[in-house]
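Observations on the model geometry
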Amino acid sequence: MTGDKGAYVLTYRSDDPKALVANYRTALEGASYTVVDVAGVFTATSDKTSVSIATSGNDVVLTVASL
C-alpha cells in the first residue's frame, strides 16, 4: 500500500478478481456511491470520496482519494 494524506493505492492479488470487483461494486452502490465503468475500470464517487478499481490478470489495484 502506498499513499499520502487523503489518497491511497492498494495493489494485491486475487484468485477471482472479477468476483472481487463485483463485490466492491455491490457494496459501493449499496453505500449510495455513483458508479461509472470506463474501459474495464470502474470509479465510484460520493460527495467526499472517490474509489477506482482496475484489474490486470490476477492483480487488483484499488485507489481511494478524499475529495
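See the structure printed just above.
These notes cover the structure that comes with them. (Residues numbered from 1 in each chain as written. Predicted model: local features only at pLDDT ≥ 70, side-chain atom pairs only at ≥ 80, totals over all residues. Heavy atoms only, no water.)

1. Digging into the packing of aromatic side chains
Applying the stated criterion to the full structure yields zero aromatic pairs. The ring of Phe42 carries the charged tip of Arg25 above its face, separated from the ring centre by 5.9 Å. (Phe/Tyr/Trp six-rings, centres within 6.5 Å; stacked < 30°, edge-to-face > 60°. Lys NZ or Arg CZ within 6 Å of the ring centre and 35° of its normal.)

2. So, unusual backbone geometry
Within the chain, Ser32 stands out as a residue other than glycine whose phi angle is a positive 70°. When you line up the elements, Ser32 lands in the loop between helix H1 (17-30) and strand E3 (34-38). (Helix = DSSP H or I, 4+ residues; strand = E, 2+ residues; numbered from the N terminus.)

3. Regarding the pairing of strand E4 (residues 41-45)
Looking along a regular strand, one sees the side chains alternate between the two faces of the sheet. Residues Phe42 and Ala44 point to one face of E4 and are all buried, whereas Val41, Thr43 and Thr45, pointing to the other face, are not buried. Sheet analysis places E3 next to E4, joined by five bridges and oriented antiparallel. The residue bridging Val35 from the neighbouring strand is Ala44, located in E4. Counted along the chain from E3 to the antiparallel partner E4, the turn is two residues long, and its residue Ala39 has a positive phi close to 50°. Inspection of the sheet shows E4 paired to strand E5 (residues 49-56) by four bridges, in the antiparallel sense. Note that in E5 the partner of Phe42 across the bridge is Ile53. Where E4 folds back on E5, the antiparallel hairpin that results is connected by three residues. (Buried < 20%, exposed > 50% of the residue type's maximum accessible area, 1.4 Å probe, protein only. Pairing = 2+ DSSP bridges.)

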